[in-house]
Amino acid sequence: MKWVYIEDIAEYLDQEVELRGWVYNTRSSGKIRFILLRDGTGIIQSTLFSPEKDSPLFQKFDQLTQESSIIVQGQVQKESRAPGGYEISIQDIQIIQIAQDYPITPKQHGTPFLMENRHLWLRSQKQHAILQIRTELIKAIRDFFDGRGFRNLDTPILTPSACEGTTTLFETEYFDQKAYLSQSGQLYNEATAMAFGKVYCFGPTFRAEKSKTRKHLMEFWMVEPEVAFATLKDIIKLGEELVVFIIGRILEKNKKELDILERDTQPLEKVQKPFPRITYEQALHNLKEHGSQIQWGDDFGAPEETLLSKIYDSPVCITHFPAQTKAFYMQPDEENPEVVLGLDVLASEGFGEIIGGGQRIHDLKLLEKKVSEYNLPRKDYEWYLDLRKYGSTPHSGFGLGIERTLAWICNIKHIRETLPFPRLLHKLYP
Ligand code: 4AD
Ligand code: MG
């Protein structure tokens, strides 16, 4: 008999098929027994019918517990009252393993308990829906860049130097020297961009963020495009197009999951380009008008980002930040060198920053000066300075954080639910 998956069940109407999965729930009603079976791709109602209470099939049914693994064989039927519109009329059940005392029951559990059991929590409907959207989001991002001729060239995870400041580095041993887990692929991306024109890297990045917030992971995934000859303006457009593209794709492909999450999709449907564009200066003015105490030169923290992202009914692009709030590689503005051509894109609905990037310094002398001002060991950056000696050109790029973006799309308050196994402050299990 053919082994099929629940998501494809409509193709097998009236046919005999085999399903392999886990018991989500069971219930009895007179001469009928029901099993809600999940196989990772969906959940389907399966029915057993027998006039005798102790038929061999019912005896097997009586052993079943939540999350027991089984293989069932039966006929696919239309059933408008069943979730999904189809059901399986079971002819045989093979028990693979009976699960004892599955810890996650339909009753309410606290988040610490669920996080301890993250390896099992993944099977729950809501968690499953979030991660299902995650896989589509990643695919959409790749389709976006691949479809525009970007070359996917991934950058190293073990690195000798910092990209985003030295305070959040995870250090490790690399034979007889120190190495750090990559905070961003950007510096290497700049080299591949000079070799291939337009590139992206997509990988895990690491930051020893010592603050415990709803928005920070120690390990997160970032997609980072980099484009030779592109200016800040070009990269803003690319960022907007990317965000509009991925939101459109999720709205198209993940209706079922968004329903399970009870996500009001209206704010997402409104995500259209161009996004409002404001400078740091204007953002500061808005914040002060809304009662913020922030001063020129301060970095926007979570409260400021949340506020800004609520003032606008759309994602918003912020540019022209005070140089001291940003990394060493940011290109100063020609008209006002106190500010740099950085770009942050804030999501709507208070979700804050999802994109960080901007235009990079292309002048050798200026970059040398910055490396020294930021106290970076020059010898580790010689190769990076080389890029300014041999055919230097303005270039720009950004990083989009997958988990922050997914939290926004799913309207999830805490980032810990946006990847299978989050790494949080002091938390490494499971
Ligand atoms: O703004 P960030 O630090 O920018 C960079 O790393 C640049 N070098 C990227 C580039 O230009 N190629 O980080 C970019 C994005 C943020 O906007 C946010 O979405 C995400 O990465 N991010 C985090 N996500 C989860 N947990 C953290 N601790 C994060 N730190 C940054
Ligand atoms: Mg940033």
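Given the structure is predicted, the values throughout are model-derived calculations rather than measurements.

A. Inspection of the packing of aromatic side chains at higher detail. Scanning the entire structure with this criterion turns up 16 aromatic pairs. On the basis of an interplanar angle of 75° and a centroid distance of 5.5 Å, the ring pair of Phe328 and Tyr329 is categorised as edge-to-face. By relative accessible area, which is 3% here, Tyr329 ends up buried. By way of ring pairs, the aromatic residues Tyr188, Phe328, Tyr329, Tyr374, Tyr381, Trp383 and Tyr384 are connected into one cluster. Geometry around Trp3 places Arg20 over its ring, the cationic atom sitting 3.9 Å from the centre.

B. Local environment of the environment of Leu400. Within the fold, Leu400 resides in strand S17 (residues 395-401). Once the C-alpha coordinates of Leu400 and Asp344 are considered, the two residues, 56 residues apart in sequence, prove to be 9.8 Å apart. Here Leu400 is in contact with Ile141, Trp221, Met222, Val223, Leu242, Val243, Ile354, Ile355 and Thr405, once residues within four sequence places are set aside.

C. Representation of the sheet that holds strand S10 (residues 177-181) within the structure. Judged by pairing direction, the sheet is antiparallel, and its three strands sit side by side in the order S8-S10-S9 without closing on themselves. With partners counted over all chains shown, the strands left at the sheet margins are strand S8 (158-159) and strand S9 (171-174), one partner each. Relative to S10, S9 runs antiparallel, the two being bridged by four bridges. Pairing of Tyr174 across the sheet is with Gln177, part of S10.

D. Examining the pattern of salt bridges more closely. What the rule picks out here adds up to 26 salt bridges. The partner of Lys369 in a salt bridge is Glu373, and the shortest N-O contact between them spans 3.6 Å. Linking Lys369 with Glu373, this pair stays in helix H11 (residues 364-373), spanning four residues, or about one helical turn. Accessibility expressed as a relative area gives 48% for Lys369, which makes it partly exposed. By relative accessible area, Glu373 is classed as partly exposed at 46%. For Asp386, the salt bridge goes to Lys389, with nearest N and O atoms at 3.4 Å. The exposure class assigned to Asp386 is partly exposed, which follows from its relative accessible area of 30%. Taking relative accessible area as the criterion, Lys389 reaches 38% and is therefore assigned partly exposed. Connected via shared salt-bridge partners are Glu136, Lys139, Asp143 and Arg249.

E. Quick look at the nonpolar core. Ile141, Phe145, Val243, Leu400 and Trp408 are the most contacted members of the largest nonpolar core, which has 46 residues in total. Counting residues per element, the ones that place at least two in this core are helix H4 (125-147), strand S11 (198-206), strand S12 (219-228), helix H6 (232-253), strand S15 (339-347), strand S16 (352-359), S17 and helix H13 (402-410). One finds Cys163, Val316, Phe321 and Leu376 within the second-largest nonpolar core, a separate group that totals 33 residues.

How each quantity is defined
- Residues numbered from 1 in each chain as written.
- Chains lettered and ligands numbered in written order.
- Predicted model: local features only at pLDDT ≥ 70, side-chain atom pairs only at ≥ 80, totals over all residues.
- Heavy atoms only, no water.
- Phe/Tyr/Trp six-rings, centres within 6.5 Å; stacked < 30°, edge-to-face > 60°.
- Buried < 20%, exposed > 50% of the residue type's maximum accessible area, 1.4 Å probe, protein only.
- Lys NZ or Arg CZ within 6 Å of the ring centre and 35° of its normal.
- Helix = DSSP H or I, 4+ residues; strand = E, 2+ residues; numbered from the N terminus.
- Contact = heavy atoms within 4.5 Å.
- Pairing = 2+ DSSP bridges.
- Salt bridge = Lys/Arg side-chain N within 4 Å of Asp/Glu carboxyl O.
- Core = buried A, V, L, I, M, F, W, Y, C linked by side-chain atoms within 4.5 Å.

All we've got here are geometric facts, nothing functional implied.
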